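# A structural walkthrough
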Amino acid sequence: MAAFYGFEQKGSLYSDSYRIFLTYNGKVISPFHDIPLYPEPSNDSVLNMVVEVCRFTNAKMEINKELKLNPIKQDVKKGKPRFITNLFPNKGYPWNYGAFPQTWEDPRNVDQHTGYNGDNDPLDVCDISDIIPPAGNVIQVKILGILAMIDEGETDWKVIAINTADPKATEYVDIQDVERLKPGLLKRTVEWFKYYKVCDGKPANKFAFNEEFKDQQFAKEIVKHTHQSWKDLIGRQRDAAGISLVNTTIQLSSEKIPSDAAKEHVDQHGMVSAPAPLPENIDHFFFVPC
């Protein structure tokens, strides 16, 4: 039987009770620890990506590092679920947004390229495909390039990639193909990341390399570095500092639990219920000077 990834939803969407637990062949897994980074170890251009946010949506969903089995849940700010403001002309996120499993930007490591420590999260990915998969999906993406963002004094790399299921994916080989085939998208991406927190009264984000995207080969090296950092984390060579390392597949991990125990944990959460109301300003736009 072919192996496949799935997910199970719990709680009420747009509330703090909502969770997306990931599964593999029907068994609960951690999207942070249990999904291999490389579907084919011999090919470092194609990686597994966990979709956290669908393009054109506003709820800031993310793999939760602290919760057991790392479900995807909505970020909370000042006690309320967080929604991204529409930064004109974008409605919500301009691409599918997610993370690479088995990667970690070590907050104790000063990045040699930016001079800032890592942001303590899995490596972020922007999937520029025209396909919009649901949050919780695991897709295979081809790496194209990377942007070095500095977010409130922390290194926060943003990988640019494309879903390999996209009919035009073979036309993309490196970062320059994005500008050739989707002119303006890279510029819009920098603008979005620069200003999306300004809506909340925070300063604009900054970038290394003069706001320029680095190529595929450079991106691959960043991915490998963050993958090694994750290996150090799961192997307890780094202080987890509140990060849950609970998993169901890492054989040498002291935090590995049986599949039955993982299912029991998921079953303790409430069944899916009606979504909570969206904010009244969900369709409002925020404008910044050009």
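Look up a bit, the structure's there.
This part takes up the overall build of the protein chain. When you go through the protein chain residue by residue, the secondary structure sums to four helices and 15 strands. Relative to a compact globule of 290 residues, whose C-alpha radius of gyration would be 19 Å, the protein chain shows 18 Å and is just as compact. For the C-alpha atoms alone, the extent of the protein chain along its principal axes is close to 55 × 45 × 40 Å. Taking all 290 residues of the protein chain together, 52% fall into the buried category. Considering only residue pairs separated by 6 or more positions, the protein chain has 70% of its internal contacts joining residues 24 or more positions apart. For the protein chain, the accessible surface area stands at approximately 13600 Å², while carbon and sulfur atoms represent 52% of it. The positive charge centre, built from 33 side chains, and the negative charge centre, built from 40, are 2 Å apart in the protein chain.

Turning next to unusual backbone geometry. Between F88 and P89 the backbone carries a cis peptide bond, its omega angle lying at 5°. Topologically, P89 is positioned in the loop between β9 (86-87) and β10 (96-99). The backbone of R236 sits at a positive phi, close to 65°, despite the residue not being glycine. Note on placement: R236 falls in the loop between α3 (216-234) and α4 (259-267). In this structure R236 comes out as partly exposed when scored by relative accessible area, which is 46%.

So, about α3. With 19 residues, α3 should cover 27 Å at 1.5 Å per step; its first-to-last C-alpha distance of 27 Å lies within 8% of that length. Note on α3: the residue one or two positions beyond its end, R236, has a positive phi of about 65°.

Mapped onto the elements, S45 comes out in the loop between β3 (27-29) and β4 (46-53). We classify S45 as buried; its relative accessible area is 14%. Setting aside anything within four residues of it in sequence, one finds S45 in contact with V141, K142, I143, Q216 and K220.

On to the packing of aromatic side chains. In the structure shown here, the tally under the stated rule is 16 aromatic pairs. Between W192 and F193 the ring centres are 5.3 Å apart and the planes differ by 85°, which places this aromatic pair in the edge-to-face class. Like F193, W192 is buried. Through a chain of ring-to-ring contacts, three or more aromatic side chains come together here, namely Y93, W95, Y97, W192, F193 and Y196.

Before going further, it helps to examine the environment of E66. Among the secondary structure elements, E66 is positioned in the loop between β5 (61-63) and β6 (72-74). Using a relative accessible area of 47% as the deciding quantity, one classes E66 as partly exposed. Separated by 180 residues in the primary sequence, E66 and V246 have C-alpha atoms spaced 9.9 Å apart. If near-sequence neighbours (up to four positions away) are discounted, E66 is found in contact with G242 and S244.

By the element assignment, F56 lies in the loop between β4 and β5. When the C-alpha positions of F56 and P94 are compared, they lie 6.1 Å apart, and in sequence the two are 38 residues distant. In contact with F56, other than residues within four places in its own chain, are K91, G92, Y93 and I132.

By definition, a disulfide links the sulfur atoms of two cysteine residues through a covalent bond. Evaluated as defined, the whole model comprises zero disulfides. Considering cysteine sulfurs only, C126 is the nearest to C54, which forms no disulfide, with 14 Å between them. Since its relative accessible area comes to 15%, C54 is described here as buried.

Parameters and conventions
- Residues numbered from 1 in each chain as written.
- Predicted model: local features only at pLDDT ≥ 70, side-chain atom pairs only at ≥ 80, totals over all residues.
- Heavy atoms only, no water.
- Helix = DSSP H or I, 4+ residues; strand = E, 2+ residues; numbered from the N terminus.
- Rg over C-alpha atoms; globule rule 2.2 N^0.38 Å.
- Buried < 20%, exposed > 50% of the residue type's maximum accessible area, 1.4 Å probe, protein only.
- Contact = heavy atoms within 4.5 Å.
- Areas by Shrake-Rupley, 256 points an atom, 1.4 Å probe, with all protein chains shown as cover.
- Lys, Arg positive; Asp, Glu negative; His and termini not counted.
- Charge placed at Lys NZ, Arg CZ, Asp CG, Glu CD.
- Expected span 1.5 Å × (residues − 1).
- Phe/Tyr/Trp six-rings, centres within 6.5 Å; stacked < 30°, edge-to-face > 60°.
- Disulfide = S-S within 2.5 Å.

All quantities given are derived from atomic positions and should not be read as evidence of function.
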